[in-house]
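Structure at a glance
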Amino acid sequence: MSDYVVQPSAQATGSIRVPGDKSISHRALMLGGIADGVSEVTGFLESEDCLATMRAMRVLGVRVDQLGPQHIRVHGAGMRGLKPAAHALDMGNSGTAMRLMTGLLAGQPFASELIGDASLMKRPMERAAAPLRLMGAKIETLGGKPPVKISPSNDLRGIRYELPVASAQVKSAVLLAGLYAKGATEVIEPAVTRDHTERMLLGFGCSVDAAHGMIKLEPPERLQSCSLEVPGDFSSSAFFLVAGSISRGGGLTIKGVGINPTRTGLLDILALMGADLRVVNHRSAGAEPVADIEVRPARLKGIQVPEHLVPLAIDEFPALFVAAACANGETIVTGAEELRVKESDRIAVMAKGLKALGVDCDVLPDGMRIRGRPDGQVFEGGTIESDGDHRIAMSFTVASLRAAGPIHIKDVANVATSFPRFVTVATAAGLNVSEQSE
Ligand code: S3P
């Protein structure tokens with residue numbers, strides 16, 4: 001088990017880069033794997049979650065060459081070229097990998113089984129299995145949880161599906177299965193969720209229309225390989241957007257970050273709280289918009305977070321709760337019950353950690369109420385149980401900028417699921433964090 005020991009530091013300062021986008025890296029492996037031809041992917045995230053997807057695609061017969069740091073070449077097997085795996089595919093800690101692979105494998109003429117680590121084995125999978133069954137897939141879960149067992153299927157049919165929860169993973173699972181279905185597949189979203197699958201499918205030559213909350217996919221004969229440049233992960237930049245905002249001096253520039261508007265709800269939320277943010281140097285990486293983000297310290301104020309921004313910031317709430325603790329007045333988050341079924345119950349685990357550091361907060365069924373303190377040292381030193389959740393561990397690291405004593409964060413190995421070299425990047429930004437293995 002490894003832990004972080006984080007000493008208080010006064011300033012976040014400098015210019016940093018965060019590693020590649022996790023959602024886009026998973027999708028590049030999957031779509032590249034079933035395309036015709038070779039897809040070159042630069043900026044690929046070599047994190048544990050994406051490596052789980054890479055291993056799974058290899059077991060299914062896709063050749064993936066690792067050419068250098070963050071640079072891979074995926075030799076597509078073609079839409080009908082995947083081979084059965086001899087054993088269960090282990091998706092590690094990754095809900096995205098498991099749900100998207102369920103969609104991809106639902107229409108294959110061979111059986112598959114998906115398993116994961118202790119956290120993933122407790123997460124809900126029926127949300128993906130249920131619409132796939134409506135398409136004709138034969139999928140079993142164990143009381144709604146993994147293992148996910150998928151029987152061979154040659155005859156999926158397109159459906160029109162209204163998502164009961166705003167989930168890009170479920171939307172993507174249905175669209176991936178839709179590639180193998182007879183007839184068009186339509187997904188209706190209750191709220192906008194990240195659209196990387198739709199954007200990338202277009203790049204691979206598949207016809208996808210998205211308008212007014214409805215996404216329609218016509219099954220293609222084939223996908224054509226393409227080159228992809230993966231931007232920096234906005235969700236990894238989130239820790240530094242909060243760090244720069246709560247810092248007592250300095251300021252940070254985060255370079256080359258993906259700013260797809262379906263991901264950047266945190267920018268809007270922080271702006272409402274009075275943060276000093278500038279998005280500059282706009283450019284694009286293929287289908288995805290990219291920019292540099294500059295953040296300077298600001299006196300934040302507590303707000304009621306607008307619920308329509310919740311799905312657009314769904315992975316950023318652990319970091320946002322730290323910002324809220326440093327804001328003047330009360331911040332209220334509601335409509336975020338999805339946080340309870342992430343890598344941990346992020347409402348319960350964050351509230352426990354905040355309270356351990358002396359923050360005044362209440363747990364709500366679907367969010368949290370935090371009474372912030374804008375001045376001085378907001379957090380006492382103390383010990384945090386991360387519950388093995390990468391984003392909890394990184395969020396409390398950032399709290400050290402306003403801490404009165406050291407923060408000891410337990411069980412941080414899973415930071416590598418999304419942010420390899422976090423300690424190096426955090427150190428470059430002025431934080432004083434060291435990793436200790438027991
Ligand atoms: C993801 C979708 C989101 C997000 C996850 C990545 C994706 O999950 O929390 O980290 O890549 O599609 P949900 O679809 O469960 O909201």
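Let me sum up the structure you'll find in this document. (Residues numbered from 1 in each chain as written. Predicted model: local features only at pLDDT ≥ 70, side-chain atom pairs only at ≥ 80, totals over all residues. Heavy atoms only, no water.)

The strands that make up a sheet are held in pairs by hydrogen bonds between backbone atoms, and each pair lies either parallel or antiparallel. Spatial ordering of the open sheet is given by β6-β7-β9-β8, a layout of four strands whose pairing is mixed. Both edges of this open sheet fall to β6 (89-90) and β8 (139-142), since each of them pairs with a single strand only. (Pairing = 2+ DSSP bridges. Helix = DSSP H or I, 4+ residues; strand = E, 2+ residues; numbered from the N terminus.)

Look at helix α2 (residues 48-59): 16 Å from first C-alpha to last across 12 residues, which is about the 16 Å you get at 1.5 Å a residue. Listed as buried for α2 are Asp49, Cys50, Leu51, Ala52, Thr53, Met54, Ala56 and Met57. The elements touched by buried residues of α2 are α1 (22-34), β4 (63-68), β5 (71-77), β6 and α3 (95-106). Of the residues trailing α2, Gly61 is marked for its positive phi of about 100°. (Expected span 1.5 Å × (residues − 1). Buried < 20%, exposed > 50% of the residue type's maximum accessible area, 1.4 Å probe, protein only. Contact = heavy atoms within 4.5 Å.)

Turning next to the site of the ligand. Near the ligand you find Ser23, Arg27, Thr96, Arg99, Ser167, Ala168, Gln169, Arg194, Ile314, Asp315 and Lys342, and these make up its full shell. Within the backbone of Gln169, a nitrogen or oxygen atom sits 2.8 Å from an oxygen atom of the ligand. A distance of 2.6 Å is found between an oxygen atom of the ligand and a side-chain nitrogen or oxygen belonging to Asp315. Where the shell around the ligand is concerned, the elements lending two or more residues are α1, α3 and α5 (168-178). Tallied by class, residues from the shell around the ligand come to two nonpolar, four polar and five charged. (Near = heavy atom within 4 Å. Polar contact = N/O pair within 3.5 Å; in protein donor to acceptor, adjacent residues only side chain to side chain. Nonpolar A, V, L, I, M, F, W, Y, C, P; charged D, E, K, R; others polar.)

The next thing to look at is the pattern of salt bridges. In total, this model carries 30 salt bridges according to the counting rule given. Ionic pairing is found between Arg371 and Glu330, a salt bridge with its closest N-O pair at 3.1 Å. Here Arg371, found in strand β22 (residues 367-372), pairs with Glu330, found in strand β20 (residues 329-333); they are 41 residues apart in sequence, far enough to count as distant. Its relative accessible area of 33% is what places Glu330 among the partly exposed residues. Linked by salt bridges that have partners in common, Arg123, Arg194, Asp315, Glu343, Arg346 and Asp389 make up one network. (Salt bridge = Lys/Arg side-chain N within 4 Å of Asp/Glu carboxyl O.)

Quick look at the state of the cysteines now. Here the structure, examined in full by the defined rule, presents zero disulfides. Take Cys50: it sits in no disulfide, and the sulfur closest to it among the cysteines is that of Cys226, at 17 Å. You can see Cys326 has no disulfide; the closest cysteine sulfur is in Cys361, sitting 13 Å from it. (Disulfide = S-S within 2.5 Å.)

Mapped onto the fold, Glu198 is located in helix α6 (residues 196-203). Contact partners of Glu198, with chain neighbours within four places excluded, come to Lys171, Leu175, Val208 and Ile215.

A packed helix pair is summarised by two numbers, namely the angle formed by the two axes and the spacing between the axes. For the pair helix α10 (residues 346-356) and helix α11 (residues 390-398), the least separation of the axes is 11 Å and the interaxial angle reads 30°. What the angle tells us is that α10 and α11 run roughly parallel. Considering the relative orientation of α10 and α11, their crossing is right-handed. From α10, Arg346, Val349, Met350, Gly353 and Leu354 reach across to α11, where they touch His390, Arg391, Ile392, Ser395 and Phe396. Across the contact of α10 with α11, the residue classes tally to five nonpolar, three polar and two charged. (Axes fitted to C-alpha atoms, helices over the stretch in contact; angles between N-to-C directions. Parallel < 35°, antiparallel > 145°, perpendicular 65-115°, else oblique. Left-handed = near helix turned anticlockwise from the far one by under 90°.)

Before going further, it helps to spend a moment on α10. Regarding α10, the residues found buried are Arg346, Ile347, Val349, Met350, Ala351, Gly353 and Leu354. Here the buried face of α10 lies against α9 (317-325), β21 (360-364), β22, β23 (382-385) and α11. The backbone nitrogen of Ile347 lies 3.1 Å from a side-chain oxygen of the residue at the head of α10, namely Asp345. Backbone geometry just downstream of α10 places Gly358 in the positive-phi region, at approximately 85°.

The pairing of β4 with β5 spans five bridges and is antiparallel. Its bridge partner lying in β5, Asp65 is registered against Arg73. Hairpin remark: β4 followed by β5, antiparallel, with two residues in the connecting loop; positive phi at Gln70, about 55°.

What follows covers the packing of aromatic side chains. Counted under the stated rule, the structure contains six aromatic pairs. Residues Phe317 and Phe321 carry aromatic rings whose centres are separated by 6.1 Å and whose planes lie at 50° to one another, so their mutual orientation is tilted. Of this pair, Phe317 and Phe321 both sit in helix α9, four residues apart, which is roughly one turn of the helix. An identical accessibility class is assigned to Phe317 and Phe321; each is buried. An aromatic cluster of at least three residues, connected via ring pairs, comprises Tyr4, Phe239, Phe240, Phe419 and Phe422. (Phe/Tyr/Trp six-rings, centres within 6.5 Å; stacked < 30°, edge-to-face > 60°.)

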